[in-house]
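Summary of the model geometry
Each chain is listed here by its residues.
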Amino acid sequence: MGHSKDSDVLKYYSKNKEMARSETQQLEFRVCENLLQKYLNGKKLNILELGAGAGHYTKLLAEMGHTLTVVE
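We now turn to the structure provided with this report. Residues take numbers from 1 onward in each chain, read along the sequence in its written order. Given that the model is predicted, a residue must reach a pLDDT of at least 70 before its local features are reported, and side-chain atom pairs must reach 80 or more before they are shown or counted; all residues, however, enter totals for whole chains, interfaces and linings. Only hydrogens and water are removed before side-chain values are computed, so all heavy atoms of the structure are retained for them.

1. What to know about the overall build of the protein chain
In terms of helices and strands, the protein chain carries 4 helices and 2 strands. The rule is simple: take the accessible area with a 1.4 Å probe, protein chains only, and divide by the maximum for that residue type; under 20% is buried, over 50% is exposed, in between is partly exposed. Here the protein chain holds 72 residues, and the buried ones make up 18% of them. Residue contacts follow a heavy-atom distance rule, with two residues in contact if any of their heavy atoms lie within 4.5 Å. Summarising the internal contacts of the protein chain: among those between residues at least 6 apart in sequence, 32% fall at separations of at least 24. To measure how exposed things are, a 1.4 Å probe is used in the Shrake-Rupley method; for residues, cover is taken only from the protein chains shown. Here the protein chain displays about 5600 Å² of accessible surface, and carbon together with sulfur accounts for 57% of that area. Helix and strand definitions here come from DSSP, where helices need a minimum of 4 consecutive H or I residues and strands a minimum of 2 consecutive E residues; each element is numbered from the N-terminal end.

Okay, here's the thing in structure tokens:
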């Protein structure tokens, strides 16, 4: 990515706080959810999650049966 696109991404994520984004733009979460289920494929893993934010993925991964260590 070039500098301009990086700046656009940073602006978007800085402006759109995680809780509001997860409630109004659920596509990002649903795409990630599908990818996690596809590639983790029923395995039970020990996962280190760095920067858990509001915990949306933490909750999803725990519901999938993984053991999590979470650091914000």
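2. Here's the deal with the pattern of salt bridges
Here a salt bridge means any side-chain nitrogen of Lys or Arg lying within 4 Å of a carboxyl oxygen belonging to Asp or Glu. Counted according to the given criterion, the structure contains 2 salt bridges. For R30, the salt bridge goes to E33, with nearest N and O atoms at 2.8 Å. Linking R30 with E33, this pair stays in helix α3 (residues 27-40), spanning 3 residues, or about one helical turn. With a relative accessible area of 16%, E33 lands in the buried category. The partner of E63 in a salt bridge is K59, and the shortest N-O contact between them spans 4.0 Å. Here the residue E63 and the residue K59 both occupy positions in helix α4 (residues 56-63), the gap between them amounting to 4 residues, near one helical turn. By relative accessible area, K59 is classed as exposed at 55%.

3. A word on unusual backbone geometry
Even without being glycine, N41 reaches a positive phi, approximately 45°. Here N41 shows up in the loop between α3 and β1 (46-50).

In short, geometric facts, not functional conclusions.
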